[in-house]
Amino acid sequence: MVFPKKSFLFQILCFLLFHDQHCSLATDENEFVVKEASYTRLGSTKKILTVNGQFPGPTLQVQHGETVFVNIYNQGKHNITIHWHGVLQKRYPWSDGPEYITQCPIQPGGRFTQKLIFSTEEGTLWWHAHSDWSRATVYGAIIIHPKIANKYPFPKPDAEVPIILGEWWKEDVARIRQRMYESGGDANISDAFTINGQPGDFYPCSKQGTFKLTVDRGKTYLLRLINAAMNIILFFAIKKHNLTVVGIDGSYTKPLSSQFVTISPGQTIDALLYANQKPDRYYIAARAYFSGLNVPFDNTTTTAIVQYRRQYNNPTSSLPSLPSLPFYNDTNAAFSFFRGLKSLADKNHPIDVPLNIRNRIIITISVNSFPCSPHNKSCSGPNGTRFAASMNNISFIFPSTALLQAYYQHANGVYGNRFPDMPPFIFNFTARYLPLNLETPKLGTDVMFLDYNSTVEIVLQGTNLMAGIDHPIHLHGYNFYIVGSGFGNFDIYKDPLKYNLKDPPFRNTVSVPVNGWITLRFKADNPGVWLLHCHIERHMTWGMKTVFIVKDGDRPEEMLLPPPPDMPPC
């Protein structure tokens, strides 16, 4: 593969600055070849889907406000799409990536050039497959550096290190998804968690590949954390080292020092690691935060190692000790961390929280079930049902063509426009026992329209239908301010009085607490078709998603840009 001159110069600069860390592409054009490759983990080898044969995939490095192109070639056996998670794609949803929402998938042997328009994002984002369950292995980091004339709003680190957390199954993930779909039951839990593609010391046949971060005492390292796991929120910590959070989801925060972080699927965290301890070897560890009752989950621990340079090069030396992590179901610890995050909100990084709200929306998010019917081959859900999930009691069905294309071409019959702005049934959403008739949602492909530049407030309300659990909710095309959160049912009179309108965190993915609520606000200033969904993969598969269509404004610069000529056909 031939890289343009810009890439070559960047590689030299990266080597000179960060010679002991991985350097990645920063080009106006990049090539992503989706293909199978054999990888061995946990003592067994299988073929997985990759980009350019790499697992995790290549890191995309850009500068603030840059526009780059990525040529996607599908040399795999199945359809594929790539989503650029957290990239706002101003006025250009054509390259956002979710299958049958903004595009039809790239078929085997096909190609598609995606234009990535970076605007206000700065920090760490990531990319991943957005078709079926391909993102289990098809993912990588996006690093957005400040403009050359600008600086970080914190002391410049000596090196930057992507830390990508993931899940690994010994079995082919496509088979696991297919079996879940056919049976109506839940998916098998993963066999391991991973750090930069490696399970770590506590899994069989894995110690040799454990990721190791070599540091020099007295230096500072910017860890770019990404939770690419399919179904699990994770606790993460480093033995005897606090982490100072300085960014989340491509935006800066007030510095927050913490012994651990909580990171949900889809979220990113920029955290400073100060190598200020006695030269030794220290475990990095991550394990599940899981609030579901009587639901199986992967309760293993993945590890990596921080090792101080010129120390303990003997691989037979004693193992380091593990950091202290909260207990797996410590909801208070998980959300205490989330509540500690605040936007930087200084003169160089101002915020603009909408105050006068035009659209007030309340959305219940639920795990549901459908009763077994004669055409179902199997019903392995609770009490002989089939699992489902919903937003405002609608379990979303993908259309057979892309919603964005249908909207742009004014096609009829592809989607409805009756997604409700309130739950259709009002009840005690978080009660311990709820009537069974509330568990069955409707099926539909309904969207909600928003006027350009309208101000939006969304309350995401968790329910205890089937089982209460946390839900990381991701909105494509937007970041939003998280102005409030709490446990139990949202109180429309009391809870808004406690909103943080001064320095709320600015994210693209938010965790709704188990049997609790989150309030987010944004201005609908990005026309297009944008997906809202749970980033727990099985919940999304079951239907926990919906779509916002933001209309064009009046001026040309407020209107949707035309599609590229090589959109994949359906």
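Residues numbered from 1 in each chain as written. Predicted model: local features only at pLDDT ≥ 70, side-chain atom pairs only at ≥ 80, totals over all residues. Heavy atoms only, no water.

Asker: I'd love a proper account of the nonpolar core, names of residues and values included.
Answerer: Ranked by internal contacts, the top residues of the largest apolar core, which has 64 residues, are Phe236, Ile269, Val306 and Phe337. Ignoring any residue separated from it by four or fewer positions in sequence, one finds phenylalanine 337 in contact with Val245, Leu256, Ser258, Phe260, Val261, Thr262 and Ile269. Residues Phe387, Leu450, Ile482 and Phe548 belong to the second largest nonpolar core, which totals 41 residues. (Core = buried A, V, L, I, M, F, W, Y, C linked by side-chain atoms within 4.5 Å. Buried < 20%, exposed > 50% of the residue type's maximum accessible area, 1.4 Å probe, protein only. Contact = heavy atoms within 4.5 Å.)

Asker: Quick rundown of empty space enclosed by the protein? Include the residues and the values.
Answerer: Any empty space left between atoms is shown by rolling a water-sized probe over those atoms. Counting across every chain of the model gives three cavities of 30 Å³ or more. Every residue lining the largest cavity is counted, 14 residues in all, and those nearest its centre are Thr364, Asn393, Phe425, Phe427 and Leu465. Tallying contributions element by element places strand β20 (residues 359–370) first for the lining of the largest cavity, with three residues. Classifying every residue of the lining of the largest cavity by side-chain character gives seven nonpolar, seven polar and no charged. (1 Å grid on protein atoms, 1.4 Å probe; cavity = no way out; pocket = protein on both sides within 12 Å on 5 of 7 lines; lining within 4 Å. Points joined across faces, edges and corners; volume = space filled by probe spheres on them. Helix = DSSP H or I, 4+ residues; strand = E, 2+ residues; numbered from the N terminus. Nonpolar A, V, L, I, M, F, W, Y, C, P; charged D, E, K, R; others polar.)

Asker: Explain the environment of asparagine 508 to me, and be specific about the residues and the numbers.
Answerer: In this fold, asparagine 508 is placed in the loop between β28 (506–507) and β29 (509–512). Take asparagine 508: its relative accessible area is 1%, and that puts it in the buried class. Asparagine 508 sits 116 residues away from asparagine 392 along the chain, and the two C-alpha atoms are 20 Å apart. A polar atom in the side chain of asparagine 508 sits 3.0 Å from the side chain of histidine 85. (Polar contact = N/O pair within 3.5 Å; in protein donor to acceptor, adjacent residues only side chain to side chain.)

Asker: Would you mind going over the layout of surface pockets in detail, with residue names and values included?
Answerer: Of the volumes computed, that of the largest pocket is approximately 1,100 Å³. When contributions to the lining of the largest pocket are tallied by element, the ones reaching two or more residues are β20 and α5 (537–542). Among the residues forming the lining of the largest pocket, the class breakdown is 26 nonpolar, 15 polar and six charged.

Asker: How would you summarise the sheet that holds strand β24 (residues 447–450) if you had to cite specific residues and measurements?
Answerer: Each strand in a sheet pairs with its neighbour through backbone hydrogen bonds, running either in the same direction (parallel) or in the opposite one (antiparallel). Overall, mixed pairing links the five strands, which are arranged β24-β32-β31-β26-β29 in an open sheet. On the outer flanks of this sheet lie β24 and β29, each paired with one strand and no other. Within this sheet the neighbouring strands show an average axis-to-axis angle of 20 degrees, counted without direction. (Pairing = 2+ DSSP bridges. Axes fitted to C-alpha atoms, helices over the stretch in contact; angles between N-to-C directions.)

Asker: Please provide a residue-by-residue account of the pairing of strand β21 (residues 386–391), values included.
Answerer: Each regular strand carries side chains that alternate between the two faces of the sheet. Of all six residues making up β21, six are buried, and the element is well covered by its neighbours. In β21, alternate side chains face the same way, and those of Arg386, Ala388 and Ser390 on one face and Phe387, Ala389 and Met391 on the other are all buried. Examined bridge by bridge, β20 and β21 share six bridges and lie antiparallel to one another. Pairing of asparagine 368 across the sheet is with alanine 388, part of β21.

Asker: Go over the sheet that holds strand β18 (residues 281–289), please, and point to the residues and values.
Answerer: One open sheet accounts for five strands, arranged β11-β19-β18-β13-β16; its pairing is mixed. Since the sheet does not close on itself, it has two edges, and those belong to β11 (212–215) and β16 (261–263), each with one partner. Between one strand axis and the next, the sheet turns through 25 degrees on average, direction left out of account. Across seven bridges, the pairing between β18 and strand β19 (residues 301–308) is antiparallel.

Asker: I'd like a description of the side chain of histidine 145, backed by residues and values.
Answerer: Relative to the helices and strands, histidine 145 is located in strand β8 (residues 139–145). In this structure the side chain of histidine 145 is engaged in a polar contact, spanning 2.6 Å, whose partner is the side chain of glutamine 61.

Asker: Which residues make up the state of the cysteines, and what are the values?
Answerer: By the definition in use, this model includes two disulfides. Linked covalently through their sulfurs, cysteine 104 and cysteine 570 form a disulfide whose S-S length is 1.5 Å. Linking cysteine 104 in the loop between β5 (82–85) and β6 (111–117) with cysteine 570 in the segment after β32 (545–550), this pair joins segments that are 466 residues apart in sequence. Exposure remark for cysteine 104: the relative accessible area of 1% places this residue in the buried category. Between the sulfur atoms of cysteine 372 and its disulfide partner cysteine 379 the distance amounts to 1.8 Å. An S-S torsion of about 85 degrees defines the bridge between cysteine 372 and cysteine 379 as right-handed. Using a relative accessible area of 43% as the deciding quantity, one classes cysteine 372 as partly exposed. (Disulfide = S-S within 2.5 Å.)

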